[in-house]
Amino acid sequence: MALSHAIMTALLEDDMSGYELAKAFDVSLGFFWHASHQQIYQQLHKLAEQGLLDKETVVQRSRPDKILYRLTEAGREELAQWVFGPSRVQEAKDDLWVKLYNLSEANLAHLSGELRQRRDEMMQRLYLYEKIRRRHYAEPDSLPLRRKGVYLALLAGIRQGEQFLAWCDEALSMLSNIDSPSSP
């Protein structure tokens, strides 16, 4: 998936400024597709130049003018074509997995600490996912069709997070049973 498709997806229902889009990314699509605010702004300009987005300047008092972006018909067509194309799985690049290949008595405590930190981070993310699910998706069967798709993506994130927590618990249990060189 290109960042452009994630941006156009975010603009399906609402016109947004670059700032609003970046903030929305931070709490929704950003869970599945990371992009910096700078990358989002650069992509907005490219999409507008390609005719896939329109932009409108909104004059504001006591603030800089705001530029709102909206999908054009060409943007909607591009997005529809992309949806019908094959999906690509992006392979994970996580240096923790490579570090675990280097597990030794010397780095056991450090890597165990990294695992605990990752577990804590996932717990925080799952707490947020669950809060979103309860607030916006408590009755998934009654959601409009597009919102059901958003719910399913959220549910996938929840299930993956739960699986990661189970793996962390198993890994930490295994590592805690290893005698460290300083043990009596």
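Residues numbered from 1 in each chain as written. Predicted model: local features only at pLDDT ≥ 70, side-chain atom pairs only at ≥ 80, totals over all residues. Heavy atoms only, no water.

Caption draft 1: Inspection of a nonpolar patch on the surface at higher detail. Nonpolar side chains collect at one region of the surface, where Trp82, Val83 and Phe84 lie side by side and expose about 370 Å² of accessible area between them. The residue Phe84 is located in helix α4 (residues 73-84) in this model. You can call Phe84 exposed: its relative accessible area is 77%. (Patch = residues over 30% accessible without salt bridge, like charges linked within 9 Å, V, L, I, M, F, W, Y side chains within 5 Å. Areas by Shrake-Rupley, 256 points an atom, 1.4 Å probe, with all protein chains shown as cover. Salt bridge = Lys/Arg side-chain N within 4 Å of Asp/Glu carboxyl O. Helix = DSSP H or I, 4+ residues; strand = E, 2+ residues; numbered from the N terminus. Buried < 20%, exposed > 50% of the residue type's maximum accessible area, 1.4 Å probe, protein only.)

Caption draft 2: Expanded view of the UniProt feature "domain: Transcription regulator PadR C-terminal" (unreviewed entry) in the protein chain. Sequence positions flagged by UniProt for "domain: Transcription regulator PadR C-terminal" (unreviewed entry) are, in local numbering, residues 93-175. The annotated region residues 93-175 carries 81% helix and 0% strand content, and the separation between its end C-alpha atoms amounts to 23 Å. (UniProt positions renumbered as here; feature names shortened; annotations may be inferred.)

Caption draft 3: The arrangement of the nonpolar core in detail. Residues Ile7, Leu11, Ile40, Leu44 and Leu53 are the most contacted members of the largest nonpolar core, which totals 20 residues. Within the residue set of this core, elements represented by two or more residues are α1 (3-10), α2 (18-27), α3 (37-49) and β3 (66-71). A total of five residues in this core trace back to one element, the largest contributor, which is α1. With sequence-adjacent residues up to four places away left out, Ile40 is seen in contact with Leu3, Ile7, Leu21, Ala22, Phe25 and Ala35. One finds Leu126, Leu154, Ile158 and Cys168 within the second-largest nonpolar core, a separate group that totals 12 residues. (Core = buried A, V, L, I, M, F, W, Y, C linked by side-chain atoms within 4.5 Å. Contact = heavy atoms within 4.5 Å.)

Caption draft 4: View of α2. Of all the positions in α2, only Gly18, Leu21, Ala22 and Phe25 are classed as buried. The buried residues of α2 occupy an angular sector of 100 degrees when projected down its axis, which confines them to one face. Those residues of α2 that are exposed and angled more than 90 degrees off the buried face are Tyr19 and Val27. In this structure, the buried residues of α2 make contact with α1, β1 (16-17), α3 and β3. (Arc of directions from axis to C-beta.)

Caption draft 5: Layout of the pattern of salt bridges. Evaluated as defined, the whole model comprises 10 salt bridges. A salt bridge links Glu13 to Arg146; the shortest N-O distance between them is 2.7 Å. Taken together, the positions of Glu13 in the loop between α1 and β1 and Arg146 in helix α7 (residues 145-176) put the pair 133 residues apart, joining distant regions of the chain. A relative accessible area of 31% means that Arg146 is categorised as partly exposed.

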